[in-house]
Amino acid sequence: MRGLVADLQFRGLVQQMSDARLAPMLDREPLTAYAGFDPSADSLHVGHLLGIFNLRRLQEAGHRPIALAGGGTGMIGDPSGKSEERQLLGAETLEANLAGIRGQLGRFLDFTPSAGARQALLVDNAEWLGPLGLLEFLRDVGKHFGVGQMIAKETVRARLDTPEQGMSFTEFSYMLLQAYDFFRLFDTYGCRLQLGGSDQWGNITMGIELIRRLGGAEAWGLTWPLVVRPDGTKFGKTEAGTVWLDERRTSPYQLFQFFLRSEDSVVGTYLRYYTWLDYERIEELDAAVATRPQAREAQRTLAREVTTLVHGEAATANAERAAAALFSEEIAKLDEEVLVDVLADAPSSTWSRERLADGGLSLVEAMVETGLAPSRSAARTTIEQGGAYVNNHRELDRARQLGPDDLLRDRYLLLRRGRRDQHLVRFG
């Protein structure tokens, strides 16, 4: 059986390690490790999953994880990976965001006393940064770092190389605050390992240095690669926006679909990053992508595993059922909320309910008006050839009239041409 570090390396989750001695140490003795989460919203999103899951992997291996919610640094904003300065958040907004994040982390990490020495902790750096005086901070922390050393950090240099954006002193001070976080967690909880994405490397090494100077002790850092999509866009972003872990913002079905749509070129990487599947199963799925890409077995497995981790088995089953109903007559059995969710990406329009009166609406006319057919003759041909569907039921009668009884949930009508071209009509 492979140890923790071998598992992380197999999964591609080790980008940088501050000291080669850390690897055998993680497999030999328990450590306390932390990762930080930015409370810029009242929900975490899929971009946070790698950090959460890596803390969970450490906890399962016998280590103690600390999830640091940046209630203090959140008022500053981390410039890492950002091309412009963030909007600063007020104290009330931050507190509301922290409340939402606390509940979500509890799904993945064991915060209960029964975990013993592995019991996870959730701490807020506002506890020590809030009362910290400026003169005290400059005297005790700032004096240990040269301005040249700070400017040399990649995240700072990238911003300074674009003068039109630049960097305020507020953001420039962020790396010192994060270094102080690491020291405080070391001093209070014996934390000696910080985890983060590779864009955090400069901040992490500052904390290691501060612990050496102020605590006279060794500390370590470990980063994972930044996750981007094949087109270079940020992981967790779609045309519709951020993919959240809060089901009120992003439904389990939408989360399932996000991972289901993973490209063949990255699905193997995502299976390693975001699931607990064993190596043999992952390699089987790699082979399936190479030999049977049309089956999308790897994508379906990925979507099922992640949605179950985030929302549970019941929600995943519902998401799969909804996905299966998208092109079957089972769509008529979905409740309105799920129906709208499933068809969120379909072209849609809103029509007057009066159009269904007096004998109904011609299917031919409806197909032309929705753009599913370029002309009446083309619509009739499509119907005769079996390519027209009403609520996923094939229609062969070109004289078909649509009426109130055809509506799903007394409001919706789904028209389809062929396998994929759909249009959702809402009747007011």
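Preceding block: the structure.
Let us look at the structure shown here. Because the structure is predicted, anything quoted here is derived from the model rather than measured.

### A short note on the packing of helix H10 (residues 174-189) against helix H11 (residues 201-215)
Phase 1 of the analysis: Between H10 and H11, the least distance of the axes is 8 Å, while the angle of their chain directions is 50°. With respect to H11, the axis of H10 lies oblique. Between H10 and H11 the crossing geometry is right-handed. Where H10 approaches H11, its residues Tyr174, Met175, Leu176, Gln178, Ala179, Tyr180, Phe182, Phe183 and Phe186 are matched on the opposing element by Asn203, Ile204, Met206, Gly207, Ile208, Leu210, Ile211, Leu214 and Gly215.
Phase 2 of the analysis: In the contact of H10 with H11, the residues fall into 14 nonpolar, four polar and no charged.

### Digging into the packing of aromatic side chains
Phase 1 of the analysis: Counted under the stated rule, the structure contains 17 aromatic pairs.
Phase 2 of the analysis: Both rings, one in Phe53 and one in Tyr274, keep their centres 6.4 Å apart while their planes meet at 70°; by these two values the pair is edge-to-face. A residue pair is termed long-range when its members are at least 10 positions apart, and Phe53 in helix H3 (residues 49-60) and Tyr274 in helix H13 (residues 264-274) qualify at 221 residues.
Phase 3 of the analysis: Classification of Phe53 as buried rests on a relative accessible area of 0%.
Phase 4 of the analysis: Using a relative accessible area of 1% as the deciding quantity, one classes Tyr274 as buried.
Phase 5 of the analysis: Connected via pairs of aromatic rings, a cluster forms that spans Phe53, Phe108, Phe235, Phe258, Phe259, Tyr270, Tyr273, Tyr274 and Trp276.
Phase 6 of the analysis: Positioned above the aromatic ring of Trp351 is the side chain of Arg355, whose terminal nitrogen or guanidinium carbon lies 4.4 Å from the ring centre.
Phase 7 of the analysis: Residue placement shows Arg419 over the ring face of Phe327; its charged tip is 4.4 Å from the ring centre.

### Things to note about the nonpolar core
Phase 1 of the analysis: Val46, Leu49, Leu193, Phe259, Tyr274 and Leu343 are the most contacted members of the largest nonpolar core, which has 74 residues in total.
Phase 2 of the analysis: Those residues in contact with Leu343 that lie beyond four places of it in its chain are Leu326, Ile331, Leu414, Gln422 and Leu424.
Phase 3 of the analysis: The next biggest cluster of nonpolar side chains, apart from the first, holds 32 residues, and it includes Leu129, Tyr180, Leu185 and Met206.

### Remarks on the sheet that holds strand E14 (residues 412-417)
Phase 1 of the analysis: Here we have five strands laid out as an open sheet, ordered E9-E15-E14-E11-E12, and mixed in their pairing. A single partner strand is all that each edge strand has here, and the edge strands are strand E9 (348-351) and strand E12 (393-395). Neighbour-to-neighbour, the strand axes of the sheet open up by a mean angle of 30°, direction not taken into account.
Phase 2 of the analysis: Across six bridges, E14 lies against strand E15 (residues 421-427) in antiparallel orientation. What sits directly across from Leu413, in E15, is Val425.

### Focus: the sheet that holds strand E6 (residues 220-224)
Phase 1 of the analysis: Here we have six strands laid out as an open sheet, ordered E1-E6-E5-E2-E3-E4, and mixed in their pairing. Both edges of this open sheet fall to strand E1 (16-17) and strand E4 (121-124), since each of them pairs with a single strand only.
Phase 2 of the analysis: Against the sheet, helix H4 (residues 91-105) makes contact with strand E2 (32-37), strand E3 (64-69) and E4, and its axis sits at roughly 165° relative to E4, the strand it touches most.

### Points about the packing of H3 against H13
Phase 1 of the analysis: Put simply, H3 and H13 touch, their axes get as near as 9 Å, and they point 45° apart. With respect to their mutual orientation, H3 and H13 come out oblique. Residues Leu49, Leu50, Phe53 and Arg57 of H3 lie in contact with H13, whose contacting residues are Arg272, Tyr273 and Tyr274.

### Section: empty space enclosed by the protein
Phase 1 of the analysis: Counted by the stated rule, this structure contains three cavities of 30 Å³ or more.
Phase 2 of the analysis: The space that makes up the largest cavity amounts to roughly 50 Å³.
Phase 3 of the analysis: Around the largest cavity, the lining residues are Leu8, Leu13, Leu26, Asn54, Leu58, Leu193, Leu195, Leu222 and Trp224.
Phase 4 of the analysis: For the lining of the largest cavity, the secondary structure elements donating two or more residues are H3, strand E5 (193-197) and E6.
Phase 5 of the analysis: Broken down by class, the residue content of the lining of the largest cavity amounts to eight nonpolar, one polar and no charged.

### A look at H10
Phase 1 of the analysis: The first and last C-alpha atoms of H10 sit 22 Å apart over 16 residues, in line with the 22 Å expected at 1.5 Å per residue.
Phase 2 of the analysis: For H10, the buried fraction is high: 12 of the 16 residues fall into the buried class.
Phase 3 of the analysis: Inspection of H10 places Tyr174, Met175, Leu176, Leu177, Gln178, Ala179, Tyr180, Asp181, Phe182, Phe183, Leu185 and Phe186 among the buried residues, and these make up the whole buried set.

### Overview of the environment of Leu271
Phase 1 of the analysis: By the element assignment, Leu271 lies in helix H13.
Phase 2 of the analysis: Put simply, Leu271 and Phe327 are 56 residues apart on the chain and 27 Å apart in space, counted from C-alpha to C-alpha.
Phase 3 of the analysis: Non-local contacts of Leu271, meaning those with residues more than four positions away in its chain, are made with Arg11, Leu277, Ile282, Leu285, Ala298 and Leu302.

### Considering the pairing of E2
Phase 1 of the analysis: Judged by how many residues are buried, E2 sits mostly within the fold: five of six residues are covered.
Phase 2 of the analysis: Strand direction decides the pairing type here: E2 and E3, joined by six bridges, are parallel. Following the sheet pairing, Gly36 is matched in E3 by Leu68.
Phase 3 of the analysis: Handedness of the β-α-β unit built from E2, H3 and E3 comes out right-handed.
Phase 4 of the analysis: Pairing analysis gives two bridges linking E2 to E5, with the strands arranged parallel. Across the sheet, residue Ala33 finds its bridge partner in E5, namely Leu193.

Reading the values: the criteria
Residues numbered from 1 in each chain as written. Predicted model: local features only at pLDDT ≥ 70, side-chain atom pairs only at ≥ 80, totals over all residues. Heavy atoms only, no water. Axes fitted to C-alpha atoms, helices over the stretch in contact; angles between N-to-C directions. Helix = DSSP H or I, 4+ residues; strand = E, 2+ residues; numbered from the N terminus. Parallel < 35°, antiparallel > 145°, perpendicular 65-115°, else oblique. Left-handed = near helix turned anticlockwise from the far one by under 90°. Contact = heavy atoms within 4.5 Å. Nonpolar A, V, L, I, M, F, W, Y, C, P; charged D, E, K, R; others polar. Phe/Tyr/Trp six-rings, centres within 6.5 Å; stacked < 30°, edge-to-face > 60°. Buried < 20%, exposed > 50% of the residue type's maximum accessible area, 1.4 Å probe, protein only. Lys NZ or Arg CZ within 6 Å of the ring centre and 35° of its normal. Core = buried A, V, L, I, M, F, W, Y, C linked by side-chain atoms within 4.5 Å. Pairing = 2+ DSSP bridges. 1 Å grid on protein atoms, 1.4 Å probe; cavity = no way out; pocket = protein on both sides within 12 Å on 5 of 7 lines; lining within 4 Å. Points joined across faces, edges and corners; volume = space filled by probe spheres on them. Expected span 1.5 Å × (residues − 1). Right-handed = clockwise from strand over helix to strand, strands pointing away.

On their own, these measurements won't tell you what the molecule is for.
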